[in-house]
Amino acid sequence: MCRTVDLHQAVLARNDENALALRGYLGDRGTVAVNLLSSPGSGKTALLEQLLARAVAAGVTAAAVTADLATENDATRLARSGAPVRQILTDGLCHLEAGMLRRRLEGWMPEGTRLLFVENVGNLVCPASYDLGETLRIALASVTEGEDKPVKYPTAFGLAQLVVITKTDIADAVGFDREAFLRGVEQVNPGVPVLETSARTGEGVDALLAHVLRAADGEEAHVPVLAREHERYLDSHDHGDGTGPHVHDGDGDHDHGDGRGPSSGGRGRHDDVPGAAPVPAETGGNAP
């Protein structure tokens, strides 16, 4: 068990290093990455198609990378927006990693791309722990998924810098309890902005694009409490040389984790943070 945990921590530490390099790569090109996380069926692809189309119409240079275990269906759909799109097939892996994303971007991402949307694998468990060099991390949930989604998946929603509710046009029909959902969001991520959207009616799409553009212009994004706690934990275990804590990889070597998650600062898993309040276990049909 200890060896398994050590190996997992080593993988995350290596990803953090790759994410730091990717963040620099994107920054050198003036590109802002937006990491979109949700369960399967949340309406993420439909909303992203609308976002891309409106960005193109407004003269904003935007591109998208979409990840799935199989098929290029989402890339085909997103390409209808007129924006450059690339599909990543993970061959069974339940999340994207920073190194994987960097390899797909090199030689493909158009020069002058201002916004890069990364549609992560449909999964609210393992993708939450992997920094992709993003400037903005968005967690999405549809009104059909239940009001308790944020508290069932506290890492995904607890590290989000923006929470987006989708499919609001059918909220009344499915009996969505908006106030209960918002209470859950506030419980796991106090103060995080929440936007309500509908890809079908267009509600909230312009507001979402405006939020992303403000982040691209340098407006400071929300810093989740969970991310701040993780940063303090890393600082308290720093060796004094700027490398952060050692992470054992299970074979006698040691990696250095830089601790950077979303640009707010902190990959973080809630159970990695000493003193953090207990949260419900992350379980569900979309678990890996």
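Residue numbers restart at each chain and count upward from 1, following the sequence in its written direction. Predicted model: local features are reported for residues with pLDDT of at least 70 only, side-chain atom pairs are reported and counted for 80 or more only, and whole-chain, interface and lining totals are derived from all residues. Computation of side-chain values covers all heavy atoms of the structure but excludes hydrogens and water.

Digging into the pairing of strand β1 (residues 32-37)
Here is the key point about a regular strand: its side chains alternate between the two faces of the sheet. Operational definition: Burial here depends on accessible area, computed with a 1.4 Å probe over protein chains only, as a share of the maximum for the residue type. Under 20% is buried, over 50% is exposed, and the range in between is partly exposed. Secondary structure follows DSSP: runs of H or I at least 4 residues long count as helices, runs of E at least 2 residues long count as strands, and numbering of each begins at the N terminus. DSSP bridges decide pairing: two strands pair if at least two such bridges lie between them.
Along β1, six of the six residues are buried, which leaves the element largely enclosed by surrounding structure. Here five bridges tie β1 to strand β4 (residues 115-119), and the two strands are oriented parallel to one another. Looking across to β4, one finds that valine 32 is bridged to leucine 115. The pairing of β1 with strand β5 (residues 136-142) spans four bridges and is parallel. Note that in β5 the partner of leucine 36 across the bridge is isoleucine 138.

Comments concerning the environment of valine 85
Put simply, the rule is: Residue contacts are counted whenever heavy atoms from the two residues lie within 4.5 Å of one another.
Looking at where valine 85 falls in the secondary structure, it is placed in strand β3 (residues 85-89). A sequence separation of 31 residues divides valine 85 from leucine 116, and the C-alpha atoms of the two residues are 9.7 Å apart. Non-local contacts of valine 85, meaning those with residues more than four positions away in its chain, are made with Ala64, Thr66, Ala75, Leu78, Ala79 and Trp108.

A few points about the side chain of asparagine 35
Note the cut-off: Polar contacts here mean pairs of N or O atoms no more than 3.5 Å apart (in protein, one a potential hydrogen donor and the other a potential acceptor; neighbouring residues in sequence count only if both atoms are side-chain atoms).
Within the secondary structure layout, asparagine 35 lies in strand β1. On the accessibility criterion, asparagine 35 (0% relative accessible area) is buried. A polar side-chain atom of asparagine 35 sits 3.3 Å from a polar atom in the side chain of asparagine 120. Among the polar contacts made by the side chain of asparagine 35, one reaches the side chain of glutamate 134 at a distance of 3.5 Å.

Here we look at the state of the cysteines
Selection rule: We call a pair of cysteine sulfur atoms a disulfide when they lie within 2.5 Å.
As enumerated under the stated definition, the model contains one disulfide in all. The partner cysteine of cysteine 94 in its disulfide is cysteine 126, sulfur to sulfur 2.1 Å. Highlighted residues: cysteine 94 in the loop between β3 and α4 (98-105) and cysteine 126 in the loop between β4 and β5, separated in sequence by 32 residues. The burial state of cysteine 94 is the same as that of cysteine 126; both residues are buried.

Structural notes on unusual backbone geometry
Its identity as a non-glycine residue notwithstanding, threonine 71 has a phi of 75 degrees, on the positive side. Position of threonine 71 relative to the elements: it lies in the loop between β2 (62-68) and α3 (73-78). On the accessibility criterion, threonine 71 (42% relative accessible area) is partly exposed. The phi dihedral of lysine 167 falls on the positive side, at around 60 degrees, and the residue is not glycine.

Re the packing of aromatic side chains
Definition in use: The pairing test for Phe, Tyr and Trp rings, Trp by its six-membered ring, is centres within 6.5 Å, and the orientation test on the planes gives stacked under 30 degrees, edge-to-face over 60, and tilted for anything in between.
A complete count under the given rule lists one aromatic pair for this structure. On the numbers, 5.7 Å between centres and 55 degrees between planes, the contact of phenylalanine 176 with phenylalanine 181 is tilted. We classify phenylalanine 176 as buried; its relative accessible area is 14%. The class of phenylalanine 181 is buried, set by a relative accessible area of 0%.

Here's the deal with the pattern of salt bridges
Worth spelling out the cut-off: Salt-bridge detection follows one rule: a side-chain nitrogen of Lys or Arg within 4 Å of a carboxyl oxygen of Asp or Glu.
Following the criterion strictly, the structure yields 13 salt bridges and no others. In this structure, arginine 77 and glutamate 49 form a salt bridge, with 3.3 Å as the shortest nitrogen-oxygen distance. Pair noted here: arginine 77 is in helix α3 and glutamate 49 is in helix α2 (residues 44-57), with a separation of 28 residues, a long-range link. Taking the shortest distance from any N to any O, the salt bridge between glutamate 219 and arginine 214 comes out at 3.6 Å. One salt-bridge network, held together by shared partners, links Glu49, Arg77 and Arg80.

Examining the packing of α2 against helix α9 (residues 205-216)
Going by this rule: Orientation is described by axes fitted as lines to C-alpha atoms, over the contacting stretch for helices, and by angles from 0 to 180 degrees between their N-to-C directions. Comment on the angle field: the value is read as roughly parallel under 35 degrees, roughly antiparallel over 145, roughly perpendicular from 65 to 115, and oblique elsewhere. In this scheme, a crossing is called left-handed if the near helix is turned counterclockwise away from the far one by less than a right angle; it is called right-handed if the turn is clockwise. Only Asp, Glu, Lys and Arg are considered charged in this grouping, and only Ala, Val, Leu, Ile, Met, Phe, Trp, Tyr, Cys and Pro are considered nonpolar; every other residue, Gly among them, is considered polar.
Two elements in contact, α2 and α9, have axes separated by 10 Å at closest approach and are oriented at 70 degrees. Between α2 and α9, the interaxial angle falls into the category roughly perpendicular. For the pair α2 and α9, the sense of crossing is right-handed. Side by side, α2 and α9 meet where Leu47, Gln50, Leu51, Arg54 and Ala55 of the first sit next to Val205, Asp206, Leu208 and Leu209 of the second. Of the residues contributing to the contact of α2 with α9, the split by class is six nonpolar, one polar and two charged.

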